[in-house]
Amino acid sequence: MAEHVFGVIAGDGIGPEVAREGLKILERVAALEGFSYRLVEYPYSGEYYLKTKELVPPRVLDEWRTLDAVFLGAIGHPDVEPGLVERSVILGLRFGLDLYINLRPVKLYAEHLCPLKDKKPEHIDFVVVRENTEGEYSQIGGHLKKDTPDEVAVVNGIYTWKGCERAVRYAFEFARRRAAARGKAHKPKVTLVDKANAMRPHDIWTRSYAAVAKEYPDIAQDHAYVDACCMWMIKNPEWFDVIVTTNLFGDIITDVGAMIQGGMGIAASGNIHPGRTSMFEPIHGSAPKHAGKNVACPLGAISAVGMMLEHVGETRAADRVERAVGALLASGAVPSTDTRSGIPTTKMGDMVLSRLE
């Protein structure tokens, strides 16, 4: 049996604390399921940059390509230029490794965690497929006459047929697999979210969706403009099964999704290139004001470990992690998923650990 090799970037703020709990779960579930792995740790973070002035060099990006996956805690330091290290690490991984899918499950495990009136776990269980390498985050643009009264800032949103088509296809394939796993009662649907009425170049999304959808007659088709999508996620989240959307819109609506599923503390994501090295992380930031206090919720990081295991083919282990997190939340033992829960980071990791058996 081959040994998995995982890169670890603990990062800044609460990142090392939540990553530590995720790795604790990884160690135990590997023993339970009988697979082996090796960790390769990387120091890149805001704190490391302040000490060394070093960002991620190209040789490290090449090394990351040889790994099975990368596990990230959180990146961001208040004393470093906003976005500088994040672009080097997170966008370096996304663009450098062509991680063209950002996969975000939105699942409510316990009614008491949901801020929406009368919404229960059966109402909130969908997945967002976010295109991850194009759009406004392609870093094409800049400033003219900066710091003068005549300053101009330009940001270009770049969309390619290849980028749109492969994201849409991934969404339809994921919807089909999801339906197969859930049985005949589950009716798969893929909802395209764009803003093609006001931003006509988004028509490339509309057309690529239509072209791909013809190949999946077994899957229902749907469409929503992004403003309407946000509204329906609050009013009728049960309408959604799989959403596919742009990079920027996906970034926004997945934060909405995190809140309706119980908070940023339990939200995890995968940055994926199918069949290749991919990166997994909790979606929360580094929260420097909470660093070192042992108060951050590690469940997002633990769920990210579960997604990483799914990606490398350890499906039983991945399912075991998800069931453990779900059982803990459904038990009511976790009153909230933020720093007010009263449960130390390390203890919450132990609570998941006890449910892995």
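Our structure is the block above this text.
**A few points about a nonpolar patch on the surface**
Among the surface-exposed residues, Leu144, Val152 and Val154 lie close enough to one another that they form a single nonpolar patch of about 240 Å² accessible area. Owing to a relative accessible area of 41%, valine 154 belongs among the partly exposed residues under this scheme.

**Notes on helix α7 (residues 226-235)**
Among the residues making up α7, those that are buried are Val226, Cys229 and Met233. Summarising the axial view, the buried residues of α7 lie within an arc of 45 degrees, below the 170-degree limit, and thus occupy one face.

**Observations regarding the nonpolar core**
Side chains of a nonpolar character, in soluble globular proteins, are inclined to be buried together. Judged by nonpolar contacts, the single largest core of 85 residues is most densely connected at Val244 and Leu309. Setting aside residues no more than four positions away along its own chain, valine 244 makes contact with Val129, Ala167, Val168, Ala171, Val190, Thr191, Leu192, Val193, Trp205 and Tyr209. Among the nonpolar cores identified, the runner-up in size contains 23 residues, and Val56, Leu93, Leu99 and Met279 belong to it.

**Quick look at helix α8 (residues 247-260)**
Between its terminal C-alpha atoms α8 stretches 20 Å, which fits the 20 Å expected from 14 residues at 1.5 Å a residue. For α8, every residue scored as buried is listed here: Asn247, Phe249, Gly250, Ile253, Thr254, Gly257, Ala258 and Ile260. Down the axis, α8 shows its buried residues gathered within 170 degrees of arc, on one side only. Of the surrounding elements, those touching the buried residues of α8 are β4 (101-107), β5 (125-131), β8 (189-194), α7 and β10 (242-245). Of the residues flanking the end of α8, it is glycine 262, one or two places downstream, whose phi is positive at about 130 degrees.

What counts, and at which threshold
Residues numbered from 1 in each chain as written. Predicted model: local features only at pLDDT ≥ 70, side-chain atom pairs only at ≥ 80, totals over all residues. Heavy atoms only, no water. Patch = residues over 30% accessible without salt bridge, like charges linked within 9 Å, V, L, I, M, F, W, Y side chains within 5 Å. Areas by Shrake-Rupley, 256 points an atom, 1.4 Å probe, with all protein chains shown as cover. Salt bridge = Lys/Arg side-chain N within 4 Å of Asp/Glu carboxyl O. Buried < 20%, exposed > 50% of the residue type's maximum accessible area, 1.4 Å probe, protein only. Helix = DSSP H or I, 4+ residues; strand = E, 2+ residues; numbered from the N terminus. Arc of directions from axis to C-beta. Core = buried A, V, L, I, M, F, W, Y, C linked by side-chain atoms within 4.5 Å. Contact = heavy atoms within 4.5 Å. Expected span 1.5 Å × (residues − 1).

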